[in-house]
Amino acid sequence: MASTSNSTSSKIITLRSSDGEVFEVEESVALESNLIRRMMEDDCANNIIPLPNVTAPIFYLVIEHCKKHAEMKDNKEKKKELRSQGEELLKSDPHTYSNLMEAVNYLDIKSLMDLTAQWLADFLKGKSPRLIRELLKIKNDFTPEEEAEILERNRWAFD
Amino acid sequence: MVTMKKKKQACQSAPGSVDLISDLFEDVLNLILVRLPIRDVVRTSILSKKWRDKWISISDLVFDNDCLMEGASEMEHAHVVNQVLKHHVGPICKFSCMFGVPSCSDIDRWVVFLSRNGIKKLTLTTKAYANDVPSSIFYCQELTHLELFYGTLKVPSTFKGFHNLLLLNLCVKISEDAIAFLISKCPLLERLKLKIEDFYQCLNIHAPNLRYFEFSGQF
């Protein structure tokens with residue numbers, strides 16, 4: 001497994017997720033992550049790089065989106081397509097969205113930070129608080145009095 | 001290319017009833033909120049107790065006609081800015097006010113507040129050329145971007161310079177001496193756009209790092 005990691009043309013980086021799965025990823029993809037880049041600069045590259053804060057299913061998603069993002073460069077249609085995928089994910093599985101966002105933040109991948117942040121922003125935009133709560137499973141824990149106070153404090157935003 | 005040593009296809013999540021989004025890190029949440037119109041940002045405060053105060057530390061505040069109340073007056077818009085700034089806590093990186101603010105004292109109060117909160121990108125629009133741009137903008141020492149629309153700009157002789165300013169966009173009344181002085185005090189300036197109301201005889205610009213220059217005005 002490690003023998004491929006030293007080839008010069010298409011270097012492979014080996015990473016291990018928090019749940020012990022081992023991934024072999026092209027260097028160009030892995031270097032999208034500033035965290036992995038720093039680890040490699042610190043000369044951890046010949047060993048398996050541990051990612052104690054990312055599970056395998058989420059890391060798989062991260063890699064997929066890194067590749068998609070690389071493919072879509074200068075392609076407006078693909079860019080639009082990728083941006084619109086957030087709505088679906090947030091509606092069907094906000095839990096995975098949160099894990100993905102946290103993983104992307106931890107791995108420090110700028111392009112995916114922008115993308116996943118845009119997903120949630122697009123999702124929240126123009127929706128009523130009631131609908132947002134329902135879709136994202138947010139529990140309204142205000143008393144009616146507290147809710148009234150917040151509405152009053154920024155009435156302009158709720159009219 | 002990705003290969004997984006142990007193939008695992010589906011991305012299983014924990015039970016769908018759990019709300020994790022409310023617990024995202026503050027800096028992550030800021031990235032999300034700065035992409036929303038300010039109205040939607042403030043509306044998140046009603047979602048739950050965890051969300052109540054998340055909006056108050058947002059780093060970018062953009063007030064344009066699209067994100068405020070349709071058909072509202074400029075006075076009402078200014079009231080909204082007052083409300084938002086009154087509650088805001090923490091550093092503010094960007095502040096854009098795209099509607100013509102009728103009251104100079106409002107602008108002055110905002111700019112003093114922003115100057116104490118590390119403002120870096122500032123866009124202000126005054127109501128008319130006759131209104132003075134408050135000299136408090138010269139307190140904003142950390143500015144990298146400054147855009148001023150309308151108003152009359154006077155540069156105090158004690159002005160020490162914007163040492164980090166990269167972009168300057170002025171559409172104001174300003175004397176040729178004042179503008180030459182202002183620009184000479186911005187050593188890193190790279191982009192300069194001037195739309196000047198006054199007639200100039202001669203414009204001296206000393207900006208060793210200038211890469212883009214656009215001028216509209218009359219000599």
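Just so you know, these numbers come straight off a predicted model, no measurement behind them. (Residues numbered from 1 in each chain as written. Chains lettered and ligands numbered in written order. Predicted model: local features only at pLDDT ≥ 70, side-chain atom pairs only at ≥ 80, totals over all residues. Heavy atoms only, no water.)

## Digging into the overall build of chain A
Counting its secondary structure elements, chain A contains 9 helices and 3 strands. Reading chain A from its N end, one meets helices and strands in the order β-β-α-α-β-α-α-α-α-α-α-α. A compact globule built from 159 residues would reach a C-alpha radius of gyration of about 15 Å, whereas chain A, at 20 Å, exceeds it by more than 25%. Structurally, chain A occupies a C-alpha span of about 65 × 35 × 25 Å along its principal axes. Considering chain A as a whole, with its 159 residues, one finds that 46% of them fall into the buried category. Across chain A, contacts joining residues at least 24 apart in sequence account for 56% of those joining residues at least 6 apart. Carbon and sulfur atoms make up 48% of the accessible area of chain A, which totals about 8200 Å². (Helix = DSSP H or I, 4+ residues; strand = E, 2+ residues; numbered from the N terminus. Rg over C-alpha atoms; globule rule 2.2 N^0.38 Å. Buried < 20%, exposed > 50% of the residue type's maximum accessible area, 1.4 Å probe, protein only. Contact = heavy atoms within 4.5 Å. Areas by Shrake-Rupley, 256 points an atom, 1.4 Å probe, with all protein chains shown as cover.)

## A closer look at the UniProt feature "domain: SKP1 component dimerisation" (unreviewed entry) in chain A
Residues annotated in UniProt with the feature "domain: SKP1 component dimerisation" (unreviewed entry) correspond here to residues 110–157 of chain A. The distance from the first to the last C-alpha atom of residues 110–157 of chain A is 31 Å, and the span holds 75% helix and 0% strand. (UniProt positions renumbered as here; feature names shortened; annotations may be inferred.)

## Comments concerning the UniProt feature "domain: F-box" (unreviewed entry) in chain B
Taken from the UniProt record, the annotation "domain: F-box" (unreviewed entry) applies to residues 21–56 of chain B. Between the first and last C-alpha atoms of residues 21–56 of chain B the distance is 18 Å; the span itself is 50% helix and 0% strand.

## What about the domain arrangement of chain B?
Interface size is often expressed as the accessible area that is lost when the parts come together. All names here are of chain B. You can read the domains of chain B as domain 1 (23–58) and domain 2 (60–218). Every contact between the two is made by 8 residues of domain 1 and, on the other side, 12 residues of domain 2. Taking both partners together, domain 1 and domain 2 bury about 870 Å²; carbon and sulfur atoms supply 64% of that area. When residues of domain 1 are sorted by the area they lose upon contact with domain 2, Ile38, Ile56 and Ile58 head the list and together hold 56% of the total. (Domains from an automatic or database assignment. Buried area = accessible area lost by both parts, 1.4 Å probe.)

## Describing the domain arrangement of chain A
Domain annotation for chain A reports domain 1 (2–125) and domain 2 (128–159). Taking only C-alpha atoms, the centre of domain 1 of chain A and the centre of domain 2 of chain A are 34 Å apart.

## A few points about the packing of aromatic side chains
Within the structure shown, the criterion is met by 12 aromatic pairs over all chains. Relative to Phe215 of chain B, the ring of Tyr200 of chain B has its centre 6.5 Å away and its plane inclined at 40°; by these criteria the two rings are tilted. Placement of Tyr200 of chain B in the loop between strand S7 (191–199) and strand S8 (212–218) and of Phe215 of chain B in strand S8 is noted, with a sequence separation of 15 residues between them. Members of the aromatic cluster, connected to one another through ring pairs, are Phe138, Phe159, Phe162 and Phe181 of chain B. Over the ring of Phe123 of chain A we find Lys127 of chain A; its NZ or CZ atom is 4.2 Å from the centre of that ring. Taking NZ or CZ as reference, Lys54 of chain B lies 5.7 Å from the ring centre of Trp51 of chain B, over its face. (Phe/Tyr/Trp six-rings, centres within 6.5 Å; stacked < 30°, edge-to-face > 60°. Lys NZ or Arg CZ within 6 Å of the ring centre and 35° of its normal.)

## A closer look at the sheet that holds S7 of chain B
Strand pairing within a sheet occurs via backbone hydrogen bonds; the two strands may be parallel or antiparallel. Residues and elements named next belong to chain B. Read from one edge to the other, the open sheet built from 7 strands follows the order S2-S3-S4-S5-S6-S7-S8, with strand pairing classed as parallel. Whereas interior strands pair on both sides, the edge strands pair on one side only; in this sheet they are strand S2 (60–63) and S8. On average, each strand axis in the sheet is inclined to that of its neighbour by 10°, with strand direction left out of account. With 5 bridges joining them, strand S4 (residues 121–125) and strand S5 (residues 145–152) adopt parallel strand pairing. Within S5, the position partnered with Leu122 by the bridge is Leu146. (Pairing = 2+ DSSP bridges. Axes fitted to C-alpha atoms, helices over the stretch in contact; angles between N-to-C directions.)

## Quick word on the interface of chain B and chain A
Opposite the 49 residues of chain B that make contact, chain A presents 58 residues. Across the chain B to chain A interface the summed buried area is about 4900 Å²; carbon plus sulfur atoms make up 64%. At the boundary of chain B and chain A, one finds 3 salt bridges. Two residues, Asp114 of chain A and Arg35 of chain B, come together in a salt bridge whose shortest N-O distance is 3.0 Å. Our enumeration of links across chain B and chain A arrives at 9 residue pairs in polar contact (both at pLDDT 80 or more). (Salt bridge = Lys/Arg side-chain N within 4 Å of Asp/Glu carboxyl O. Polar contact = N/O pair within 3.5 Å; in protein donor to acceptor, adjacent residues only side chain to side chain.)

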